[in-house]
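Understanding the architecture of this molecule
Next come the chains, spelled out residue by residue.
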Amino acid sequence: MRNFLLTALAIVLLVSCGDKKSSNDRILFDSSGNVNHISVVVSNELWNGSVGEAIRGVLTTPIYGLPQDEPMFSINQIPTKVFSDFITRNRTILKIELGKESGFKVAENVYAQPQKVIVVSGKTKDDVIGLLKENSEKILEEFKNEELKEQQRRISKSLYNADIIQERLGLNIKFQTAYRIVKTTATKEDKFFWIKKEFKASSNFSGDLNILLYQVPLSAINRDSTIVSQVIKMRDSIGKKFIQGAIEGSYMATEDAYTPFNSETILDNKPALETRGLWDLKEGAIMAGPFINYAIEDKINNRWVIAEGFVFAPSVEKRDYMFELEAIIKSIKIN
């Protein structure tokens, strides 16, 4: 018996020594929460005062390119004293700590996974407000990137077989089976895809989410002071050629009364131009909505890859629809 116990003890010790997991490893629950909803952990007193006003000023920044003002994030305030148990599993959390050393910290998977937790602390209210304003862009960027990853994770659960896009355009893109290809061309001049998902926008209207994919020569867009007008001219020509309305002669184009917003970004580790604005149908049809256009500079293949998302969803908010399209486009991998 004594020999058996010694042998068993030796086996336990060997297994323990061979286990690569440290004693600090924890088992985390899966995070939860709606996309683009941020949990703000802060006392009611601070929430109802200047600190809460500063928080809302950051997180509810209006999104450019929508027909009506919509906030970047929806907010759920959680009093500090009740922040425990399942509430801590929310995917995106902004936590305010008053009476502590001033600090700004971004952490991952603190209470659940995947999870992004941003902690802003300060000895006084002014300290906290100052840090919120100073780090406003960082806060928005961290939370948006987390939500993009979550949206893409949800999309990946049911993927459309997009091999035909890979074959003709030389790129991979991930979108759900709820979408379908409604128009495509594969001539030498045009390699074009129109992808659509239809849905019930409201009790009176149906809506749809749309993705356009095509390519233009590298010489088609020059990086100069007219770059915005170049992008608009390009997308309007595509709209006139491929996106016709129900009324004969109508077609999609950029709305003239709304100035598009253009910025530089990175997509698939390549320089890209991001343009946001509004579209409408010309020549008699009454339809309109927001669009987001990415021109990806693919120097290896001497081209710009163009990926655009646009929404038609009358009488409803459009933030989350546009976010879905953005997440799909940002899944692009060019060969």
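Structural data are supplied above this passage.
What you see is a predicted model, and the numbers here were worked out from it, not measured in a lab.

1. A few points about the packing of aromatic side chains
Enumeration according to the criterion identifies ten aromatic pairs in this entry. Aromatic pair Tyr160 and Phe175: ring centres 4.9 Å apart, planes at 25°, arrangement stacked. Here the residue Tyr160 occupies a position in the loop between helix H5 (136–155) and helix H6 (163–169), and Phe175 occupies one in the loop between strand E8 (171–172) and strand E9 (180–186), the gap between them amounting to 15 residues. Given a relative accessible area of 26%, Tyr160 falls into the partly exposed group. Measuring from ring centre to ring centre gives 6.0 Å for Phe175 and Tyr179, while their planes differ by 75°; the resulting arrangement is edge-to-face. Taking the relative accessible area as the measure of exposure, Phe175 reaches 0% and is therefore buried. Across the ring face of Phe291, the terminal group of Arg235 is positioned such that the distance to the ring centre comes to 3.8 Å.

2. Details of the nonpolar core
Within the largest apolar cluster, 60 residues are counted, with the highest numbers of intra-cluster contacts made by Leu59, Leu94, Ile96, Ile165, Leu213 and Ile332. Ranked by residue count, the leading element in this core is helix H8 (residues 319–329), at six residues. Excluding anything up to four places from it in sequence, Ile165 contacts Gly170, Leu171, Ile173, Phe175, Phe193, Ile195 and Leu213. Residues Phe192, Ile232, Met234 and Ala295 belong to the second largest nonpolar core, which totals 24 residues.

3. With respect to H8
Burial analysis of H8 places nine of its eleven residues in the buried class, which makes it a mostly covered element. Along H8, the residues that are buried comprise Arg319, Met322, Phe323, Glu324, Leu325, Glu326, Ala327, Ile328 and Ile329.

4. Some details on the pattern of salt bridges
Counting across every chain of the model gives 27 salt bridges. Linking Glu150 and Arg154 is a salt bridge whose minimum nitrogen-to-oxygen distance equals 2.7 Å. Linking Glu150 with Arg154, this pair stays in helix H5, spanning four residues, or about one helical turn. In this structure, a network of salt bridges that share partners links the residues Glu108, Lys116, Lys138, Glu142, Glu146 and Lys149.

5. Some thoughts on the sheet that holds strand E5 (residues 103–108)
Read across the open sheet, the five strands follow the order E3-E2-E4-E7-E5; overall the sheet is mixed. The sheet is open, and its two edges are formed by strand E3 (74–78) and E5, each paired on a single side. Each strand of the sheet is rotated relative to its neighbour by a mean of 20°, with strand direction disregarded. Two strands pair when backbone bridges link them, and strand E2 (residues 37–41) and strand E4 (residues 92–98) are joined in this way by three bridges, in the parallel orientation. Pairing of Ser39 across the sheet is with Ile93, part of E4. In this fold helix H3 (residues 50–59) packs onto E2, E3 and E4, with an angle of close to 150° to the strand it touches most, E4. Relative to the sheet, helix H4 (residues 125–134) contacts E4, E5 and strand E7 (116–122), its axis offset from that of E7 by approximately 140°.

6. Notes on unusual backbone geometry
Along the chain, Gln113 connects to Pro114 via a cis peptide bond; the corresponding omega equals -10°. Within the secondary structure, Pro114 is located in the loop between strand E6 (112–113) and E7. Phi at Asn36 is positive, roughly 70°, even though this residue is not glycine. Of note, Asn36 is situated in the loop between strand E1 (29–30) and E2. Owing to a relative accessible area of 2%, Asn36 belongs among the buried residues under this scheme. Of note, Asn269 is a non-glycine position whose phi angle comes to about 60°, a positive value.

Thresholds applied
- Residues numbered from 1 in each chain as written.
- Predicted model: local features only at pLDDT ≥ 70, side-chain atom pairs only at ≥ 80, totals over all residues.
- Heavy atoms only, no water.
- Phe/Tyr/Trp six-rings, centres within 6.5 Å; stacked < 30°, edge-to-face > 60°.
- Helix = DSSP H or I, 4+ residues; strand = E, 2+ residues; numbered from the N terminus.
- Buried < 20%, exposed > 50% of the residue type's maximum accessible area, 1.4 Å probe, protein only.
- Lys NZ or Arg CZ within 6 Å of the ring centre and 35° of its normal.
- Core = buried A, V, L, I, M, F, W, Y, C linked by side-chain atoms within 4.5 Å.
- Contact = heavy atoms within 4.5 Å.
- Salt bridge = Lys/Arg side-chain N within 4 Å of Asp/Glu carboxyl O.
- Pairing = 2+ DSSP bridges.
- Axes fitted to C-alpha atoms, helices over the stretch in contact; angles between N-to-C directions.

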